[in-house]
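Descriptive structure summary
Listed here are the chains, written in short residue letters.
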Amino acid sequence: MNNNPNNLSDNSVINGASNVNNNPINGPVPGVTPNPNPTVGVPNPTPSTDNQVMLGGSSAPQPTPQPSPVQQPVNPTPVVSPTEAPQAFTNPQTINPVGGQTQGVPGATPNPNPSPAQPQTVAPAFESSSQIGTTPPISLEPDKKPKKKMNGTVFALIVIVALAAVGFGTFYVLRYTDLLKKKPNISILTNPVIVSLGEELPEDIEVYASVNGTAVSNCTKDVSKVNPAEVGVYEYTIKCGTTEKKGSITIVDNTELAIEVQTIYKIKGETVEAKDFVKNANNNVTYEFTDQTAVDNALAGDIGTYNFKIKGTDTKSNKTAEVDVKLVILQYAIKGYLICESNTQNIPNSAGEMIVNDRFAIADDTTTNTNNIYNNLAFETYTFKFSDETEYKTYVDTYNNEGKIIINDITGDTTFDDANKTITITKELDNNTIKGEYGEENLKSYGSIKDYFEKTKGYTCTYEKNE
């Protein structure tokens, strides 16, 4: 067969049309009248326009088809116009005729001699000639059914139920689970704390421990087991929420060993101990002379004043201290003291008052058998009494900080009476100074001293026996 559509002969077209009309499978072609008396070998006239379009050929006029000898069924070869691209040929729809008749095909003439064994094929009808020879579009997607609109009330109920479920779930998580309650990782590192004896314990928690994972303000300390007034090692506790840590605090005595001393008066040949020089001696402290030989030589030597050192050792803290002491060797033993006391006097530049008393040592001269002589030893004591507590405390603080105070140009050994707001200062008088002030004749004996102070100075004198 010649595949070139431009070289098609009339016979090929006529034969093609004849085959289509007599095809037992495809059936008659619409618009073509079969020839009841086909003539073999006679050239067929030009195919009709409809047949030419059905076969995919040109639109040239087509003669009435003539019957052809019985042949094997052959698929028609479409004739394509030179100006058109070849298209796939789609076989017409096969319809089984009822009672040997062709139904539903417009313009088709039924075969007068239908073969009961061979069903005829009827070509489908086309709306227009432009659709002949084209393949209708085929959709591969299944037909979609229209969605039903949801009822508004049902939708509202679903939303309410969903919100209720979310709310209940949130409440359950917050109330009954720890999912959102992430516990902080708190760590406490305690510090060894050292506090001096008698000092107040620190208030700041950061002194006791370093805290991570929470603010220090969320923590508390427990120092109830600590006694700051006694040397030792104690336990304390720092607590932050449910986390707590224990630490140790040590109370130490960092102060120097304090030894308060006094002057001792002895006569030649007497004995003395180091403890005799200490005021308010502590039983936990031992005292000794740093040079015992020097003390022994002074006691066996001439009358006069000697200076030594004593050493104190605390048996608990092992602290030691050395202080200077004064030893006075007298010619005679002291029997007692004549005390002459002044009237109350105002303190210059102060709201307080003061009383002055002089103490003169009295002894017996065993060499001449002369009794109640002045033993060349005298002291002057000032007693200051304050009505203003603030002024009194000022002197107390000064003494605690500096170790001494000066009141009305007077200084010396100082004692305090807090209950009566009284300060007492005592100093030893120099013999040469007082003999020049009072007169040597007035300081010979008990009687001469008493007369001078009572008659001249207006003092009141009493005698105090030495124990």
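Residues numbered from 1 in each chain as written. Predicted model: local features only at pLDDT ≥ 70, side-chain atom pairs only at ≥ 80, totals over all residues. Heavy atoms only, no water.

Brief notes about the sheet that holds strand E4 (residues 219-222)
- Reading across the sheet, the 4 strands line up as E2-E6-E5-E4 and stay open at both edges, with mixed pairing between neighbours. Here the strands that pair on one side only, and so sit at the sheet edges, are strand E2 (193-196) and E4. Across the sheet, the axes of successive neighbouring strands diverge by a mean angle of 30°, strand direction being ignored.
- For E2 and strand E6 (residues 243-252), the ladder comprises 4 bridges, and the chain directions are parallel. Opposite Ile194, over in E6, you have Thr250 as the bridge partner. (Pairing = 2+ DSSP bridges. Helix = DSSP H or I, 4+ residues; strand = E, 2+ residues; numbered from the N terminus. Axes fitted to C-alpha atoms, helices over the stretch in contact; angles between N-to-C directions.)

A look at a nonpolar patch on the surface
- A surface patch of nonpolar side chains, about 290 Å² in accessible area, is lined by Phe155, Val159 and Leu163.
- Within the secondary structure, Val159 sits in helix H3 (residues 152-176).
- With relative accessibility at 35%, the residue Val159 sits in the partly exposed group. (Patch = residues over 30% accessible without salt bridge, like charges linked within 9 Å, V, L, I, M, F, W, Y side chains within 5 Å. Areas by Shrake-Rupley, 256 points an atom, 1.4 Å probe, with all protein chains shown as cover. Salt bridge = Lys/Arg side-chain N within 4 Å of Asp/Glu carboxyl O. Buried < 20%, exposed > 50% of the residue type's maximum accessible area, 1.4 Å probe, protein only.)

A look at unusual backbone geometry
- Not every positive phi belongs to a glycine, and Asn280 is a case in point at roughly 50°.
- Residue class for Asn280 comes out exposed when judged on its relative accessible area of 74%.
- The backbone of Lys421 shows a phi angle near 50°, a positive value even though the residue is not glycine.
- You can see Lys421 is positioned in the loop between strand E15 (413-417) and strand E16 (422-428).
- Under the relative-accessibility criterion, Lys421 is labelled partly exposed at 23%.

Let's talk about the nonpolar core
- Phe360, Phe384, Ile434 and Phe453 are the most contacted members of the largest nonpolar core, which totals 28 residues.
- Breaking this core down by element, the ones donating at least two residues are strand E11 (334-341), strand E13 (353-365), strand E14 (370-385), helix H6 (389-402), E16, helix H7 (431-438) and helix H8 (446-456).
- Not counting residues within four places of it along the chain, the set of residues in contact with Phe360 comprises Gly336, Tyr337, Leu338, Tyr374, Leu377, Ala378, Ile434, Tyr438, Leu443, Ile449 and Phe453.
- In this structure, Val272, Val285, Leu327 and Ile329 belong to the second largest nonpolar core, which totals 20 residues. (Core = buried A, V, L, I, M, F, W, Y, C linked by side-chain atoms within 4.5 Å. Contact = heavy atoms within 4.5 Å.)

As for the confidence of the model for the chain
- Summarising the model, the chain shows a mean pLDDT of 76, and 65% of its residues fall at 70 or more.
- Contacts of residues 114-119 to residues separated by more than four positions or lying in other chains number 7 contacts, the stretch itself having pLDDT below 50. (pLDDT = per-residue confidence, 0-100.)

Examining helix H5 (residues 292-300)
- What H5 keeps buried is the set Val295, Ala298 and Leu299. Projected down its long axis, H5 shows its buried positions confined to an angular sector of 100°, all on one face. Exposed side chains of H5 directed beyond 90 degrees from the buried face belong to Thr293, Asn297 and Ala300.
- Elements in contact with the buried residues of H5: strand E7 (264-267), strand E8 (285-289), strand E9 (304-314) and strand E10 (320-330). (Arc of directions from axis to C-beta.)

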